[in-house]
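# Structural description and commentary
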Amino acid sequence: MNLVTVSGPPSSGKTAVILKTIDSVQKRGLKVGVVKFDCLYTDDDILYEKAGVKVKKGLSGSLCPDHYFVSNIEEVTQWGLKEGLDLLITESAGLCNRCSPYIKTVTAVCVIDNLSGINTPKKIGPMLKTADIVIITKGDIVSQAEREVFASRVNTVNPGATIMHVNGLTGQGAYELSTLLYDDKVEVKTLVGEKLRFSMPSALCSYCLGETRIGESYQMGNVRKIDLGDKK
């Protein structure tokens with residue numbers, strides 16, 4: 001079984017791109033499944049079910065979606081193997097620009113859209129900078145010049161990535177993407193012992209554990225204070 005991790009900021013078009021890509025993969029006679037990771041709510045699983053795709057979803061609730069992802073990815077992998085999948089795609093929540101859900105031995109795809117702002121590639125951390133493939137969406141809404149500038153900014157922060165333009169509505173570019181996501185020579189049987197490409201966002205402060213009061217006396221654990229330059 002091949003395993004792919006797809007991440008990206010909210011509303012960048014991850015699900016639409018995955019659905020169009022799966023359509024191309026299925027035409028090759030391959031069995032595909034998806035596990036959708038999100039925070040509080042998602043109905044994307046219904047879209048996958050309508051497309052005839054095996055799907056599971058996991059909601060992290062009050063936990064960081066990345067920590068939830070890495071705590072469950074081995075169980076998800078075993079589910080995919082049990083279902084006899086040829087390709088399992090995990091879709092992350094993409095809750096913040098510091099997300100880093102990629103595993104060293106697993107193909108990593110980041111989806112980012114042209115409408116997010118010309119400087120957005122500089123604002124996104126390891127989710128973009130350590131991806132193998134970067135998919136740029138919503139190119140039909142901006143000019144050719146804007147597409148080229150945005151792609152150049154992406155290339156600046158991740159020069160080693162394969163950069164592709166995919167239209168999640170029409171499916172243009174999805175077939176080309178599908179050819180990069182499955183390799184019959186690759187076989188994932190377990191992720192136990194594998195390593196993340198980058199450390200997870202730091203956690204475990206008093207607010208992580210349920211504190212709601214504001215003030216330094218209530219702040220314990222992993223806390224970082226802003227430097228306003230007024231300390232003597």
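Residues numbered from 1 in each chain as written. Predicted model: local features only at pLDDT ≥ 70, side-chain atom pairs only at ≥ 80, totals over all residues. Heavy atoms only, no water.

Per an unreviewed UniProt entry, the protein is named CobW/HypB/UreG nucleotide-binding domain-containing protein, and its organism is Ancylomarina euxinus.

### Quick word on the nonpolar core
In terms of nonpolar packing, the biggest core is built from 24 residues, with Ile22, Val34, Leu87, Ile89, Val109 and Ile135 touching the most fellow members. Mapped by element, the contributors of at least two residues to this core are β1 (2–7), α1 (14–26), β2 (32–38), β4 (87–91), β5 (107–113), β6 (133–137) and α7 (174–181). When sequence neighbours within four positions are dropped, the list of residues in contact with Leu87 reads Met1, Asn2, Val4, Val25, Lys31, Val32, Gly33, Leu181 and Tyr182. Counting 16 residues, the second largest nonpolar core, distinct from the first, contains Ala131, Ile136, Ala151 and Ala161. (Core = buried A, V, L, I, M, F, W, Y, C linked by side-chain atoms within 4.5 Å. Buried < 20%, exposed > 50% of the residue type's maximum accessible area, 1.4 Å probe, protein only. Helix = DSSP H or I, 4+ residues; strand = E, 2+ residues; numbered from the N terminus. Contact = heavy atoms within 4.5 Å.)

### Here's the deal with the UniProt feature "domain: CobW/HypB/UreG nucleotide-binding" (unreviewed entry) in the protein
Following the UniProt record, the feature "domain: CobW/HypB/UreG nucleotide-binding" (unreviewed entry) maps to residues 4–164 here. Between the end C-alpha atoms of residues 4–164 the distance is 16 Å, and the span holds 37% helix and 23% strand. (UniProt positions renumbered as here; feature names shortened; annotations may be inferred.)

### With respect to the pairing of β1
For β1, the tally of buried residues reaches six of six residues, placing the bulk of the element in the interior. Judged by which residues are buried, β1 turns out to be covered on both faces: Asn2, Val4 and Val6 on one side and Leu3, Thr5 and Ser7 on the other are all buried. Sheet topology note: the β1/β5 ladder contains four bridges and is parallel. Within the sheet, the bridge partner assigned to Val4 lies in β5 and is Thr107. (Pairing = 2+ DSSP bridges.)

### Observations regarding the sheet that holds β5
Judged by pairing direction, the sheet is parallel, and its seven strands sit side by side in the order β3-β2-β4-β1-β5-β6-β7 without closing on themselves. The sheet is open, and its two borders are formed by β3 (54–59) and β7 (162–165), each paired with just one other strand. In this sheet, neighbouring strand axes are inclined to one another by 20 degrees on average, regardless of whether the strands run parallel or antiparallel. In the sheet, β6 pairs with β7 via four bridges, with the strands oriented parallel. Bridged to Val134 within β7 is Ile163. Packed onto the sheet, helix α6 (residues 144–157) meets β5, β6 and β7 and runs at close to 155 degrees relative to β7. (Axes fitted to C-alpha atoms, helices over the stretch in contact; angles between N-to-C directions.)

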